[in-house]
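Summary of structural features
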Amino acid sequence: MFGIIRPCRHRLPGGLGEQWLAHLCGLCLALRTTHGQAARLATNYDGLLISVLYEAQAQPPEAGAAPWRRTAGPCPLRGMRTASVARGEGAALAAAVSLVLASAKLRDHAVDGDGLLRRRSLAAAAGRVARGWERAGARGGAAVGFDAGLLTEAIGRQQELEAAAVPGGPLLAVTEPTETATAAAFAHTARLAGRPGNARALAEAGRYFGRLAHLLDAVEDQRQDAADGSWNPLTATGTSRAEARRLCDDAVLGVRLALAEAELRDQRLVHVLLVHELRRAVDRAFAGPGGRTCGHPATAESVPGLTDPPGLVDPPDTGRRRRGWAAGCLVWAGMFCTCQVCCREDYPDPWTGKERHGCCHYCDCCSGCDTSCCSCCSCGEDSDDGGCCDSCDCNCGCDC
């Protein structure tokens, strides 16, 4: 499960938590229904934004039409409970986009030889899976009128741009393919929902969101990439973490301003995810490994390691032995069946032994959850939040 938008339940009041889960499970089931069980591996937290944006713009189904929700059966990741999940064109578009972008991510890892994909046989198998997902994503996109070729064409430029990156070169030249792909996906939600007038504003929001997703991934991976000798855009272009932080903060603002221009039928969940949670994602990334942050955007002076020089490395290796692929899978299965992967705050990675966070704890929760968690509790033009709650009357999670 990958993605930068990972809200905690206490910040999704008034039924927003159930809506968020409905879109997440709807994406997972749309991937299974349309593309098979293995495609559910492409489920991600950011892909559900496509479904959320569609539903925020579309008119509710008329009497007799297929409803937006259906009841799904028990699932281990929901504690074997049933749930109301999203269905329809929004979920289908989210599934198609997620498959194409996941195929690109998988192919990129295979080319770089990351982790287990250093083995040629596994890299070749990953390449075949990626190609299958790309074709399936194209079919799914065509079913809802979306040309997935816009995504594959943009992503196809990525390796060429990475090869051309040099110290002092423009970092945003490297993020351009992700920006273009995300802009196309966001804009199509407007056309699919019958709101073509929103396409320009949502394309702009998607462009900034794609930039953020690329930059935050680079920030979070920079130390590990340096230790592994892997390519990283920040290191390749010699971009400081302070400059990366500035670009991220600008992108958060760009998303908010773009959304303000869009006409949304119900903006509550969109506002929480793409304004408040996006800012928290930036804070979390710059807080360092395992960091949990709350409140307002951090400054350069308050974020540990923000001024660290290029070439960051992890602490010395402790001599842990890596498990083989099969042994790691067996250990993971045992940990999953005993709920350690979901319910433990920290657990050892079955293959590397490194500390991981359980799915249910993979967020930036505040202990005790008082009102200081919410950066929108003091709305107004003079607040640190910049008055961003003016458009939602503080119905976006300030009552935690």
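Within any chain, residue numbers begin from 1 and follow the written order of that chain's sequence. A pLDDT threshold of at least 70 governs which residues receive local features in this predicted model, and a stricter bar of 80 or more applies before side-chain atom pairs are shown or counted, although totals over entire chains, interfaces and linings include all residues. Derived side-chain values reflect all non-hydrogen atoms in the structure, with water molecules and hydrogen atoms excluded from consideration.

**Overview of the packing of helix α10 (residues 241–260) against helix α11 (residues 268–286)**
We apply this condition: Note on geometry: axes are lines fitted to C-alpha atoms, helical ones only across the stretch in contact, with angles between N-to-C directions running from 0 to 180 degrees. The way it works is that DSSP assigns letters per residue, a run of H or I at least four long becomes a helix, a run of E at least two long becomes a strand, and they are numbered from the N terminus. For classification purposes, an angle smaller than 35 degrees is called roughly parallel, one larger than 145 roughly antiparallel, one from 65 to 115 roughly perpendicular, and anything else oblique. Residues are treated as being in contact if the distance between any of their heavy atoms lies within 4.5 Å. Following the grouping adopted for this structure description, the nonpolar residues are Ala, Val, Leu, Ile, Met, Phe, Trp, Tyr, Cys and Pro, the charged ones are Asp, Glu, Lys and Arg, and the polar ones are all others, Gly among them.
Contact geometry for α10 and α11: axes closest at 10 Å, N-to-C directions at 175°. When the axes of α10 and α11 are compared, the pair comes out roughly antiparallel. Packed against α10, whose contacting residues are Arg241, Ala244, Arg245, Cys248, Asp249, Val252, Val255, Arg256 and Leu259, the element α11 presents Val270, Leu274, Val275, Leu278, Arg279, Val282, Asp283, Ala285 and Phe286 at the interface. Within the contact of α10 with α11, the residues separate by chemical class into 12 nonpolar, no polar and 6 charged.

**Concerning the side chain of Asp283**
Our working definition: In the analysis that follows, any N or O atom pair within 3.5 Å is treated as a polar contact, provided that within protein one partner can donate a hydrogen and the other can accept it, and provided that, for residues neighboring in sequence, both atoms belong to side chains.
Tracing the backbone through its elements, the reader meets Asp283 in helix α11. Among the polar contacts made by the side chain of Asp283, one reaches the side chain of Arg245 at a distance of 2.9 Å.

**Quick word on the packing of aromatic side chains**
Counted only if it meets this: Classification of ring pairs uses Phe, Tyr and Trp, with its six-membered ring standing for Trp, and accepts pairs whose centres are within 6.5 Å; under 30 degrees between planes counts as stacked, over 60 as edge-to-face, and the remaining range as tilted. Relative accessibility under 20% of the residue-type maximum defines a buried residue, over 50% an exposed one, and the middle range a partly exposed one, all with a 1.4 Å probe and only protein chains included.
In this structure the tally under the stated criterion is 2 aromatic pairs. Relative to Tyr45, the ring of Trp20 has its centre 5.9 Å away and its plane inclined at 15°; by these criteria the two rings are stacked. Placement of the pair is Trp20 in helix α1 (residues 16–35) and Tyr45 in the loop between α1 and α2 (48–57), with a sequence separation of 25 residues. The residues Trp20 and Tyr45 share a single accessibility class, namely buried.

**Considering the pairing of strand β1 (residues 69–75)**
Note the threshold: When DSSP finds at least two bridges between two strands, those strands are taken to pair.
Taken together, the 5 bridges between β1 and strand β2 (residues 81–86) define a ladder with antiparallel strand orientation. Looking at the pairing, Ala72 lines up with Ala83 of β2. In this antiparallel pair of consecutive strands, β1 and β2, the connection spans 5 residues, and Gly79 shows a positive phi of 70°.

**Thoughts on helix α7 (residues 171–192)**
Think of an α-helix as turning once every 3.6 residues; residues three or four places apart then point the same way. The following threshold applies: Here the expected span of a helix is defined as 1.5 Å times the quantity of residues minus one. Bend at a given residue is defined as the angle between two axes, one fitted to the seven residues that end at that position and one fitted to the seven that begin there.
An ideal rise of 1.5 Å per residue puts 32 Å on 22 residues; α7 measures up with 33 Å between its terminal C-alpha atoms. The largest bend in α7 comes to about 35°, at Pro177. In terms of burial, α7 is largely enclosed, as 16 of its 22 residues are buried. Gly194 occupies a position one or two residues after α7 and carries a positive phi of about 80°.

**Topic: the environment of Cys248**
With respect to the secondary-structure elements, Cys248 resides in helix α10. Of the residues examined, Cys248 reaches a relative accessible area of 0% and is grouped as buried. Taking the C-alpha atoms as reference points, Cys248 and Leu215, 33 residues apart in sequence, are found 7.2 Å from one another. Ignoring anything within four residues of it in the chain, the contact list for Cys248 reads Leu212, Leu215, Leu216, Val282 and Phe286.

**A short note on the pattern of salt bridges**
Note the threshold: By definition, a salt bridge exists where a carboxyl oxygen of Asp or Glu is found within 4 Å of a side-chain nitrogen of Lys or Arg.
This structure, assessed with the given rule, holds 15 salt bridges. Note that Glu179 is salt-bridged to Arg211, the shortest N-O span being 2.9 Å. Here Arg211 lies in helix α8 (residues 199–228) and Glu179 lies in helix α7, a separation of 32 residues in the sequence. The same class applies to Glu179 as to Arg211, namely buried. Within this structure, Glu179, Glu204, Arg207 and Arg211 form a network of salt bridges that share partners.

**Considering the state of the cysteines**
Put simply, the rule is: By convention in this document, the label disulfide applies to cysteine sulfur atom pairs within 2.5 Å.
Tallied over the entire structure, the rule returns 0 disulfides. With no disulfide partner, Cys25 has as its closest neighbouring cysteine sulfur the one in Cys75, 6.4 Å distant. Looking at Cys25, the relative accessible area reads 10%, which means it is buried.

**A look at the packing of α8 against α10**
Worth spelling out the cut-off: Here a crossing is taken to be left-handed if its near helix is turned anticlockwise relative to the far helix by less than a right angle, and right-handed if that turn runs clockwise.
Close contact between α8 and α10 brings their axes to 8 Å; oriented N to C, the two are set at 155°. Accordingly, the angle class assigned to the pair α8 and α10 is roughly antiparallel. As for how α8 packs across α10, the hand of that crossing is left-handed. By residue class, the composition of the contact of α8 with α10 is 17 nonpolar, 2 polar and 4 charged.

**Here we look at the environment of Ala56**
Within the secondary structure, Ala56 sits in helix α2. On the basis of relative accessible area, Ala56 is assigned to the buried category, the value being 3%. Between the C-alpha atom of Ala56 and that of Asp266, which follows or precedes it by 210 residues, the distance is 4.9 Å. Excluding residues within four positions of it along the chain, Ala56 makes contact with Leu264, Arg265, Asp266 and Val270.

**Describing the confidence of the model for the protein**
Detailed reading of the predicted coordinates is not advisable wherever pLDDT is low. Rule in force here: Known as pLDDT, the predictor's per-residue confidence is scaled from 0 to 100.
In this model, the protein carries a mean pLDDT of 78, and residues with pLDDT of at least 70 account for 74%. Within the protein, α10 carries the highest mean pLDDT (97), whereas helix α13 (residues 340–343) carries the lowest (61). For the stretch residues 290–320, pLDDT sits under 50, and the model shows 57 contacts to residues farther than four places along the chain or on other chains. Scored below 50 in pLDDT, residues 361–400 makes 88 contacts in the model with residues more than four places away or belonging to other chains.

**A look at α1**
Helix length check: α1 (20 residues) gives 28 Å between terminal C-alpha atoms against 28 Å at 1.5 Å per residue, within 8%. Across the 20 residues of α1, 15 count as buried, placing the element largely inside the fold. Gly36 sits one or two positions beyond α1 and adopts a positive phi of about 100°.

**Points about the nonpolar core**
Filter applied, for reference: We define a nonpolar core as any set of buried Ala, Val, Leu, Ile, Met, Phe, Trp, Tyr and Cys residues linked to one another through side-chain atoms lying within 4.5 Å.
Formed by 85 residues in total, the largest nonpolar core has its most connected members in Phe209, Leu216 and Leu274. Of all the elements, α8 adds the most residues to this core, at 12 residues. Dropping the residues within four chain positions of it, Phe209 is found in contact with Ile4, Ile5, Asp46, Leu49, Thr182, Phe186, Val255, Leu274 and Leu278. Counting 5 residues, the second largest nonpolar core, distinct from the first, contains Cys25, Ala72, Ala83 and Val85.

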